[in-house]
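Survey of secondary and tertiary structure
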Amino acid sequence: MTTLFDPSTAGDLQLANRIVMAPLTRNRSPDAVPPELVATYYAQRASAGLLITEATAITQQGQGYADVPGLYAPAQIAGWKRVTEAVHAAGGRIVVQLWHVGRISHTDLQPGNAAPVAPSAIPAKAKTVLFRDGKAVFIETSAPRALETAEIPGIVDDYRRAAVAAIEAGFDGVEIHGANGYLIDQFLKTGSNQRTDMYGGSIENRARFLLEVTQAIVGAIGGGRTGIRLSPVTPANDAAEEDPAPLFAHVARGLAPLGLAYVHVIEGSTGGPRVLPERPFDYAALKAAYRAAGGRGAWMVNNGYDKAMAEQAVADGADLVAFGRPYIANPDLVRRLRENAPLNTPDRATFYGGGAAGYTDYPSLEDAAAA
Ligand code: 8OZ
C-alpha cells in the first residue's frame, strides 16, 4: 500500500515523499525581498517532499499585504536565489507561488497609491495586513477599479515573466495561485466578476483569464514545472460563486491538456471548516473530470489534514497532501508524522510579520533532544 512516506512525482519533479508544505504568508520580506532569515526558514523544512513558498507578487500591482515577497525586481530574484540554494543544499524541492491579489489590496501598497485592480469595481468585504508603527494591523481593503479589456494581456504576460524569473531564481517550478479570492479566483466567480466582455458572464469567459495565465506559463517553462491551486468554495476574501460545480469542471477540462505537474485543491473554507453545509462540493467529481479529460500530474489535497486523514486521502487516491499550520511550528513535520511524535503548537501572534521568533525558532525533535 502506498504511504505518505513513499516517493512520488509531480510532473518533472521527483519528490522524496507525499508530504507538502502548503503556501503560508509570513510577511517577513521588507521591500518585497526575502532576507537570509527566509532561506533559513525554508531550508529547515526541506525534508518535505515539496515546499510551496508563501504567495509571491508578480508585480507591485499584484501586492496586497505589507512585507510579502515579490518576483519582479533583480533584488527579489537574488533574495529568492539564496532561498532555493539553501533548500537544494538541504536536499529539498521548492516551487514559488505566483500571486496577483487583484482587489485584496490597499492603495498604500499600489504603484502611485492607485486603486487596486479587479475584474469589476466591486469592493471586497475583506481585510489586508499593513504595518503601523512596526505592528501588523488588519485594515479594510481599498475599493478597486475594473480592468480594461486591453490591460488583461499585460497581466497575463506579467505572470509569464514571473515564471521565467522563478526559474532564473533556481526554483524547481511554480504554483499559480488560483485560489482564496485573489485575482484569478475573482475572475472565476460571479460575486466578483460582473464583466460583459470576453472575461465575464459565461463560465467559459470567467475561466478565460485562469486558462490564459496557465497556458502562458506552461508555454514559457513547461507544464511539468507548473502547478495550480484552486479553492472551489472558500469564502476567503469574500469569494462567492453561485454554481461552482460546472465552473470548476470546465476549469478541470481546460487544464487537463496542459500537462501540469499538479493540481492543488483547498477543500472547504481556507484554514477553516472542511465542509460548508451552505456550499457543498464534490471534490472526487472534480478529480474525475480532470482525469477523464486526460489530466495528468499529481492530485494534491489540502486543508486541516492530520496524519490519519492524510493516510486515508492517499489510500483514496490523492497523490500529495499539503500541510499548512503544522508546518509553521514543525520544521521536521515529516519525521514527526512518521514517528507519531507530538507536534509543536503554532503561535498565532507571530504568523504575520516579525523576525525569527515564531518563525525559525520552533525546535525539531533533534533540537529538543539536544536542549
Ligand atoms: C493569509 C494572510 C495573507 C495572505 C492566501 C495568500 O490565503 C494568502 C494569505 C493568507 O492564499
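The coordinates are above.
We now turn to the structure provided with this report.

Here's the deal with the overall build of the protein
Along the protein, the regular secondary structure elements total 11 helices and 14 strands. In terms of C-alpha radius of gyration, the protein reaches 19 Å, essentially the compact-globule figure of 21 Å for 371 residues. In terms of overall dimensions, the protein has a C-alpha envelope of 60 × 50 × 40 Å along the principal axes. Looking at the protein as a whole, 58% of its 371 residues are labelled buried. In the protein, of all internal contacts separated by at least 6 residues, the share reaching a separation of at least 24 is 73%. Here the protein carries 33 positive and 38 negative side-chain charges, and the mean point of each set is 1 Å from the other.

Observations regarding the site of the ligand
Near the ligand the following residues occur: Thr25, Ala55, Tyr65, Trp99, His177, Asn180, Tyr182 and Tyr352. One of the side-chain N or O atoms of histidine 177 is found 2.7 Å from an oxygen atom in the ligand. Within the side chain of asparagine 180, a nitrogen or oxygen atom sits 2.8 Å from an oxygen atom of the ligand. Using a 2 Å cut-off from the grid points, one finds that the ligand occupies the largest pocket. Looking at the shell around the ligand, its residues break down into 5 nonpolar, 3 polar and no charged.

What about the nonpolar core?
Grouped together as the largest cluster of nonpolar side chains are 87 residues, with contacts concentrated most on Tyr42, Leu98, Tyr159, Phe209 and Leu255. In terms of residue count, helix α5 (residues 203-221) provides more of this core than any other element does, 10 residues in total. If we ignore the near neighbours within four places in the chain, the residues touching leucine 98 are Thr56, Ile58, Leu71, Tyr159, Ala162, Ala163, Val174, Glu175, Ile176, His177 and Ile217. Formed by 14 residues, the second largest nonpolar core is a distinct cluster that contains Leu13, Leu50, Ala261 and Ala298.

Some points on unusual backbone geometry
Even without being glycine, aspartate 133 reaches a positive phi, approximately 55 degrees. Following the sequence through the fold, aspartate 133 ends up in the loop between β7 (127-132) and β8 (135-140). Given the relative accessible area of 82%, aspartate 133 is considered exposed. The phi torsion at aspartate 238 lies on the positive side, around 65 degrees, for a residue other than glycine. Tracing the sequence through the fold places aspartate 238 in the loop between β11 (226-230) and α6 (244-255).

Brief notes about the layout of surface pockets
Volume-wise, the largest pocket comes out at about 890 Å³. The wall of the largest pocket is formed by 36 residues, among which Leu24, Asn180, Thr270, Gly271 and Tyr352 lie closest to the centre. Where the lining of the largest pocket is concerned, the elements lending two or more residues are β5 (94-99), β7, β14 (320-323) and α9 (325-329). Among the elements that take part in the lining of the largest pocket, α9 stands out by supplying 3 residues, more than any other. Within the lining of the largest pocket, the residues separate by chemical class into 18 nonpolar, 13 polar and 5 charged. The calculated volume of the second largest pocket comes to roughly 260 Å³. Secondary-structure elements contributing two or more residues to the lining of the second largest pocket are α7 (283-292) and β13 (298-302).

Section: the pattern of salt bridges
Tallied over the entire structure, the rule returns 13 salt bridges. Residue glutamate 339 is joined to arginine 335 by a salt bridge in which the shortest nitrogen-to-oxygen separation is 3.0 Å. Assessed through its relative accessible area of 35%, arginine 335 is described here as partly exposed. Through salt bridges that share partners, Asp157, Asp158, Arg160 and Arg161 make up one connected network.

Conventions and cut-offs
- Every residue gets a number counted from 1 within its own chain, in the order that chain's sequence is written.
- The model is predicted, so local features are restricted to residues of pLDDT at least 70 and side-chain atom pairs to those at 80 or more, both for listing and for counting; the totals for chains, interfaces and linings are taken over all residues.
- Hydrogen atoms and water are omitted, and side-chain values are computed over all heavy atoms in the structure.
- Strands are runs of DSSP state E lasting at least 2 residues, helices are runs of H or I lasting at least 4, and numbering of each runs from the N terminus.
- Put simply, the radius of gyration uses C-alpha atoms, and a globule should come to 2.2 Å times the residue count raised to 0.38.
- Only protein chains enter the area calculation, which uses a 1.4 Å probe; residues under 20% of their type maximum are buried, those over 50% are exposed, and those in between are partly exposed.
- Throughout, a contact is declared for two residues whenever any of their heavy atoms are within 4.5 Å.
- Charge convention: Lys and Arg are scored as positive, Asp and Glu as negative, and His as well as the terminal groups of each chain are ignored.
- We put the charge of a Lys on NZ, of an Arg on CZ, of an Asp on CG and of a Glu on CD.
- We call a residue near a molecule or strand as soon as one heavy atom of that residue lies within 4 Å of the molecule or strand.
- Distance and chemistry together define a polar contact, namely a pair of N or O atoms within 3.5 Å, with one atom able to donate a hydrogen and the other to accept it when in protein, and with adjacent residues in sequence counting only for side-chain atoms on both sides.
- With a 1 Å grid spanning the protein atoms alone, the term cavity applies to any set of points in which a 1.4 Å probe fits but cannot get out, the term pocket to an open set with protein on both sides within 12 Å along at least five of seven lines, and the term lining residue to any residue with an atom within 4 Å of a point.
- By definition, a pocket or cavity contains a molecule when more than half of the molecule's atoms lie within 2 Å of the pocket's grid points.
- Each residue is assigned to one class: nonpolar for Ala, Val, Leu, Ile, Met, Phe, Trp, Tyr, Cys and Pro, charged for Asp, Glu, Lys and Arg, and polar for all the others, Gly among them.
- To form a nonpolar core, buried Ala, Val, Leu, Ile, Met, Phe, Trp, Tyr and Cys residues must be joined to one another through side-chain atoms within 4.5 Å.
- Grid points are joined across faces, edges and corners, and a volume is the space filled by probe spheres set on the points.
- We count a salt bridge whenever a side-chain nitrogen from Lys or Arg sits within 4 Å of a carboxyl oxygen from Asp or Glu.

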